[in-house]
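Inside the fold
So the chains spell out like this:
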Amino acid sequence: MSSSFLWGAATSSYQIEGAFADDGRGPSIWDTFSRTPGKVRDGENGDVACDHYHRYLDDVRLMAGLGLRAYRFSVAWPRIVPERGVVNQAGLDFYRRLVDALLERGITPWPTLYHWDLPQYLEDAGGWPNRDTAYRFAEYADIVHTALSDRVENWTTLNEPWCSALLGYANGEHAPGRAEPEQAVKAVHHLLLGHGLAVPLLSGNIGITLNMSHVTPATTSPADVDAARRIDGIQNRLFIDPVLLGAYPEDVLADLSHLSDFSHVKDGDLATISRKLDMLGINYYSPALVAAADPVPSGTTPWIGAESAHWVDGGRPRTGMGWEIDENGLLDLLQRVVKDYPAIDLYITENGAAFADSVSSGGAVHDPERIDYLERHISACAEAVNRGVPLKGYFAWSLLDNFEWAHGYGQRFGIVHVDFGTQKRTPKDSALWYAARIRKGLL
Ligand code: IFM
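First, a word on scope: everything that follows refers to the structure included in this document. (Residues numbered from 1 in each chain as written. Predicted model: local features only at pLDDT ≥ 70, side-chain atom pairs only at ≥ 80, totals over all residues. Heavy atoms only, no water.)

A few words on the site of the ligand. Near the ligand the following residues occur: Gln-15, His-115, Trp-116, Asn-159, Glu-160, Tyr-285, Trp-323, Glu-350, Trp-397, Glu-404, Trp-405 and Phe-413. Taking Glu-160, its side chain carries an N or O atom lying 2.7 Å from a nitrogen atom of the ligand. Trp-397 is positioned such that a nitrogen or oxygen atom in its side chain is 3.3 Å from an oxygen atom of the ligand. Protein chains shield 95% of the accessible area of the ligand, which is 280 Å² for the free molecule. (Near = heavy atom within 4 Å. Polar contact = N/O pair within 3.5 Å; in protein donor to acceptor, adjacent residues only side chain to side chain. Areas by Shrake-Rupley, 256 points an atom, 1.4 Å probe, with all protein chains shown as cover.)

What follows is about helix α10 (residues 222-245). If you check α10, its first and last C-alpha atoms are just 27 Å apart, much less than what 24 residues at 1.5 Å a residue would give, namely 34 Å. Where α10 bends most, at Arg-237, the angle is about 50°. Most of α10 is tucked away: 18 of the 24 residues are buried. Of the residues flanking the end of α10, it is Gly-246, one or two places downstream, whose phi is positive at about 80°. (Helix = DSSP H or I, 4+ residues; strand = E, 2+ residues; numbered from the N terminus. Expected span 1.5 Å × (residues − 1). Bend = angle between axes of the 7 residues up to and from the residue. Buried < 20%, exposed > 50% of the residue type's maximum accessible area, 1.4 Å probe, protein only.)

Counting residues in hydrophobic clusters, the biggest one holds 137 residues, and the most contacted among them are Trp-30, Leu-280, Ile-282 and Tyr-394. Sort the elements by how many residues they give to this core and helix α14 (residues 368-386) lands first, with 8 residues. Ranked by size, the runner-up nonpolar core spans 7 residues in total, among them Val-215, Ala-227, Ile-231 and Ala-309. (Core = buried A, V, L, I, M, F, W, Y, C linked by side-chain atoms within 4.5 Å.)

Moving on, we get to the packing of aromatic side chains. Tallied over the entire structure, the rule returns 33 aromatic pairs. Centroid distance Tyr-285 to Phe-413: 6.0 Å. Interplanar angle 80°. Geometry classified as edge-to-face. Of the two residues, Tyr-285 sits in the loop between β7 (279-283) and β8 (288-292) while Phe-413 sits in the loop between β11 (391-397) and β12 (416-418), which places them 128 residues apart along the sequence. When sorted by exposure, Tyr-285 lands in the same class as Phe-413, which is buried. Taken together, the ring pairs in this structure connect Tyr-14, Trp-30, Phe-33, Trp-116, Phe-403, Trp-405, Tyr-409 and Phe-420 into an aromatic cluster. (Phe/Tyr/Trp six-rings, centres within 6.5 Å; stacked < 30°, edge-to-face > 60°.)

It is worth spelling out the pattern of salt bridges at this point. With the rule as written, the count across this model stands at 40 salt bridges. As a salt-bridge pair, Arg-25 and Asp-31 come within 3.0 Å of each other at their nearest N and O atoms. Of the two residues, Arg-25 and Asp-31, neither departs from the other in class, the shared state being buried. The shortest N-O distance in the salt bridge between Lys-428 and Asp-357 comes to 2.6 Å. On the criterion of sequence distance, the pair formed by Lys-428 in the loop between β13 (425-427) and α15 (429-440) and Asp-357 in the loop between β10 (345-350) and α14 is long-range, its members being 71 residues apart. Each member of the pair Lys-428 and Asp-357 is classed as buried. Salt bridges sharing partners connect three or more residues here, namely Asp-226, Arg-229, Arg-230, Asp-232, Arg-237, Asp-251, Asp-255, Arg-336, Lys-339 and Asp-340. (Salt bridge = Lys/Arg side-chain N within 4 Å of Asp/Glu carboxyl O.)

The strand order around the closed barrel built from 8 strands is β1-β2-β3-β4-β5-β7-β10-β11, with neighbouring strands paired in parallel fashion. Taking the axes of each pair of neighbouring strands and ignoring which way they run, one obtains an average angle of 25° across the sheet. Along the sheet face, helix α5 (residues 89-104) touches β2 (70-74) and β3 (108-114) and points at about 170° away from the line of β2. Lying over the sheet, helix α9 (residues 181-198) contacts β3, β4 (154-159) and β5 (205-211), oriented at roughly 165° with respect to β4. (Pairing = 2+ DSSP bridges. Axes fitted to C-alpha atoms, helices over the stretch in contact; angles between N-to-C directions. Contact = heavy atoms within 4.5 Å.)

Within the secondary structure, Ile-234 sits in helix α10. With a relative accessible area of 1%, Ile-234 lands in the buried category.

Nothing here speaks to function; it is all geometry.
What follows is the structure, encoded as structure tokens:
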């Protein structure tokens, strides 16, 4: 079992590529958002990021040196279709070169088609709240698949549609920065519709990646239990239910009824969204301990549907992002997915932690907290497999320190340190630990 377990690391296009105007790439919503004053820490952006677009060969060599068996990256839609109706061959060529370099070193390419960099012209036409964007996504998926299917077998449609829809359109923390909760509900549906429209156009091992959390009530009081139900509904079930069960959860529709009458859900949409998949990617970082809310503090924008719930401190250590560390949440979550949903291969497509790393005078990066985080969560994966969970792989987030969205370069998630001034890569102690863990195997 453990020898076929797929070990990898993950990145995404806007977070690492840079080369924002090279070879015909058009602007994305993140180019626009990061240039909007006050949206990203210190006004930082992905113009250069890790300069991976120019350094991909070195980065692939680095991956090979660490013994990675798979590399999860995303394709930048604005490189492929920079303007409506225009296919940019130079953009496709970049990913062909990247995939070839991976295959030459025995690393399985694991592309995601959408990791948040919507072409700006599609946002100008309404963005994800506009149904047409789902059809444009399917067209784009078809273009990428046609170009790469001779060398790529594993396809992920979307990464974390929760973030695209809710952070992007409900509270505006992410691009395109709109605080329009009614539109966010439509964005949820059109992201999922885009996924479903793309599925029959792809071949091989096809999946979607959801960011999921294990949500538990802080107490057994009915109010806290209901708060946990609502958060679980918005975070998990609003996405996994339509994809794997073919229906939105009734209680979540009721929770959102003040925002939407769901007339944007057309006949046949749920059949499209629930087309059969081969795998489900789960991104797990932290659990959620939830209680019924005191009034939400002024100046904060609650999640839609979760206006009267708040997160309770579980008393565990936290990462640099302030996220509580609990590997048992991952084990519980995996077992819950197996229990509540039809059988499907599972992959942890992201898991990792940001800490304030620095290069020591000897040139090493000592990151014992990240090693501890990874060790705990990989052990939870091993335990899940022992308990019969069909978990087939694990991708550390992230290969490289990178542009952490609204946090700019202030949060380092990499197992490889990047000096953003010189672009020097230094494998952290965690990268060396991970390489040894891969050699040892899961179980
Ligand atoms: O950096 C992000 C990634 O783009 C999506 N999942 C969570 C990561 C850490 O915040």
